[in-house]
Amino acid sequence: MEMKRESIMIPKPRSSFISVQCAKCGERAVVFTHTTSNINCKSCGEPLAERAGSKARILGKVLGALDQ
């Protein structure tokens, strides 16, 4: 039996890039949802995301996910 290329199911990734706004100064940054390092705001140094093993703990305001 021959399978068509369109019928092969490919799983979508659970991780993505999101836009986060700093709660202190309002600066926007793009952060990976499963980051392996702590991310700080480039303007004021306030933490935006903390590593948490798998999915990061987002500390700023999430503005939305970036389209792939």
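Numbering of residues begins from 1 in every chain and follows the order in which that chain's sequence is written. Only residues with pLDDT of at least 70 get local features here, since the model is predicted, and only at 80 or more are side-chain atom pairs given and counted; chain-wide, interface and lining totals rely on the full set of residues. Computation of side-chain values: all heavy atoms of the structure, hydrogens and water removed.

### Some remarks on the overall build of the protein
Moving on, step 1. Numbering of helices and strands runs from the N terminus, with a helix taken as a DSSP run of H or I at least four residues long and a strand as a DSSP run of E at least two residues long. The helix and strand tally for the protein stands at zero helices and six strands.
Moving on, step 2. Reading the protein from its N end, one meets helices and strands in the order β-β-β-β-β-β.
Moving on, step 3. Taken along its principal axes, the extent of the C-alpha atoms in the protein is 60 × 25 × 15 Å.
Moving on, step 4. Burial here depends on accessible area, computed with a 1.4 Å probe over protein chains only, as a share of the maximum for the residue type. Under 20% is buried, over 50% is exposed, and the range in between is partly exposed. A buried classification covers 19% of the 68 residues belonging to the protein.
Moving on, step 5. Any two residues whose heavy atoms approach within 4.5 Å at even a single point are treated as in contact. For the protein, contacts bridging at least 24 residues in sequence account for 29% of all contacts bridging at least 6.
Moving on, step 6. Each accessible area is a Shrake-Rupley result for a 1.4 Å probe, and residues are judged covered by the shown protein chains and nothing else. Carbon and sulfur atoms form 51% of the exposed surface of the protein, whose accessible area is close to 5800 Å².
Moving on, step 7. Under this rule, positive means Lys or Arg and negative means Asp or Glu; His and the chain ends count for nothing. We put the charge of a Lys on NZ, of an Arg on CZ, of an Asp on CG and of a Glu on CD. Here the protein carries 11 positive and 6 negative side-chain charges, and the mean point of each set is 4 Å from the other.

### Examining the packing of aromatic side chains
Moving on, step 1. Planes of paired rings set the category: under 30 degrees apart is stacked, over 60 is edge-to-face and the rest tilted, where pairs are Phe, Tyr or Trp rings (Trp by its six-membered ring) whose centres lie within 6.5 Å. Scanning the model with the defined rule gives one aromatic pair in all.
Moving on, step 2. Geometrically, the ring pair formed by Phe-17 and Phe-32 is tilted, given 5.0 Å between the ring centres and 50° between the ring planes. Within this pair, whereas Phe-17 is found in strand 1 (residues 17–21), its partner Phe-32 is found in strand 2 (residues 28–32), the two being separated by 15 residues in sequence.
Moving on, step 3. By relative accessible area, Phe-17 is classed as partly exposed at 46%.
Moving on, step 4. The exposure class assigned to Phe-32 is partly exposed, which follows from its relative accessible area of 31%.

### What about the confidence of the model for the protein?
Moving on, step 1. One number per residue, pLDDT, summarises how confident the predictor is, and it ranges from 0 to 100. For the protein, the average pLDDT comes to 88, and 94% of its residues sit at 70 or higher.
Moving on, step 2. The secondary-structure element of the protein with the lowest mean pLDDT is strand 6 (residues 61–65), recorded at 93, while strand 1 shows the highest, at 95.

### What about the sheet that holds strand 3 (residues 39–40)?
Moving on, step 1. One requirement defines pairing of two strands: DSSP has to find at least two bridges between them. A sheet is described by the order of its strands in space; here three strands give the open sequence 3-4-5, paired in antiparallel fashion. Since the sheet does not close on itself, it has two edges, and those belong to strand 3 and strand 5 (57–58), each with one partner.
Moving on, step 2. Looking at chain direction, strand 4 (residues 47–50) and strand 5 are connected through two bridges and run antiparallel. Its bridge partner being in strand 5, Glu-50 is matched across the sheet by Arg-57.

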